[in-house]
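# Summary of the model geometry
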Amino acid sequence: IITHLGWNPWLELVLGADDTPWRKPEREFGLQAVTKLGAIPAETVMIGDSPFDLDTAANAGLRGLAVATGSHTREQLLAHQPPPVGVFDNLHELAEQTFGLKE
């Protein structure tokens, strides 16, 4: 999806379920990406579309952003505990409001 949207130039890493022995919401899954990027968990954002993504972010000490493009509504994502840093209706809204990227 990331390639199809043409977002690869703005991303250093795309990590999926087949790229690690761990699964969401395991702490190690989130930390795998942080390690590969040479980043610091407290300065890293995880973007997802489900409570599993938000749990993964919290378990790994990452800030969680959510987009309501999956099987969960904006309201469900906003109600998640711990709450996400932000919830967006789609990836375009997230990109513009969070990273200043325009179509």
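Please refer to the structure placed before this passage.
Residues numbered from 1 in each chain as written. Predicted model: local features only at pLDDT ≥ 70, side-chain atom pairs only at ≥ 80, totals over all residues. Heavy atoms only, no water.

The alternating pattern of strand β1 (residues 45–48) places Met46 and Gly48 on a buried face and Val45 and Ile47 on a face that is not buried. Bridge count for β1 against strand β2 (residues 63–67) is four bridges, and the pairing is parallel. The residue of β2 that forms the bridge with Gly48 is Ala66. Between the parallel pair β1 and β2, the chain is carried across by helix α3 (residues 51–60), and the sense of this crossover is right-handed. (Buried < 20%, exposed > 50% of the residue type's maximum accessible area, 1.4 Å probe, protein only. Helix = DSSP H or I, 4+ residues; strand = E, 2+ residues; numbered from the N terminus. Pairing = 2+ DSSP bridges. Right-handed = clockwise from strand over helix to strand, strands pointing away.)

Among the residues of helix α2 (residues 27–37), those classed as buried are Phe29, Gly30, Leu31 and Val34. Positive backbone phi, approximately 65 degrees, marks Gly38, located one or two places after α2.

Turning to helix α5 (residues 91–99), a few remarks are in order. Within an α-helix, residues lying three or four positions from one another point in the same direction, as the helix has 3.6 residues per turn. Capping of α5 at its N-terminal end is provided by Asn90; its side-chain oxygen lies 3.1 Å from the backbone amide nitrogen of His92. Of the residues one or two after α5, Gly100 is the one with positive phi, at around 70 degrees. (Polar contact = N/O pair within 3.5 Å; in protein donor to acceptor, adjacent residues only side chain to side chain.)

Pairing between the strands of a sheet is mediated by backbone hydrogen bonds and can be parallel or antiparallel. Across the sheet, three strands lie side by side as β1-β2-β3; this open sheet has parallel pairing. The open sheet has two edge strands with one neighbour each: β1 and β3 (86–88). Adjacent strand axes in the sheet meet at a mean angle of 20 degrees when their direction is disregarded. Where α3 meets the sheet, it contacts β1 and β2, and its direction lies at approximately 170 degrees from that of β2. Helix-sheet contacts for α5 involve β1, β2 and β3, and the interaxial angle to β3 is about 140 degrees. (Axes fitted to C-alpha atoms, helices over the stretch in contact; angles between N-to-C directions. Contact = heavy atoms within 4.5 Å.)

Our focus in this paragraph is a nonpolar patch on the surface. A cluster of nonpolar side chains, contributed by Trp10, Leu11 and Val14, occupies part of the molecular surface with about 310 Å² of accessible area. Assignment of secondary structure puts Val14 in the loop between α1 (2–5) and α2. (Patch = residues over 30% accessible without salt bridge, like charges linked within 9 Å, V, L, I, M, F, W, Y side chains within 5 Å. Areas by Shrake-Rupley, 256 points an atom, 1.4 Å probe, with all protein chains shown as cover. Salt bridge = Lys/Arg side-chain N within 4 Å of Asp/Glu carboxyl O.)

The next subject is the environment of Leu5. Tracing the chain through its elements places Leu5 in helix α1. The partly exposed category is assigned to Leu5, whose relative accessible area is 34%.

Taken as a whole, this structure holds four salt bridges when the rule is applied. Across the pair Arg74 and Glu93 runs a salt bridge whose closest N-O atoms are separated by 4.0 Å. Taken as a pair, Arg74 in helix α4 (residues 74–78) and Glu93 in helix α5 lie far apart in primary sequence, 19 residues in all. The residue Lys102 makes a salt bridge to Glu96 at a minimum N-O spacing of 3.5 Å. Lys102 gets classed as exposed once you look at its relative accessible area, which sits at 64%. Through salt bridges with shared partners, a single network forms among Arg74, Asp89 and Glu93.

Our next topic: the side chain of Ser50. Relative to the elements of secondary structure, Ser50 occurs in the loop between β1 and α3. Here Ser50 is in contact with His72 and Leu77, once residues within four sequence places are set aside.

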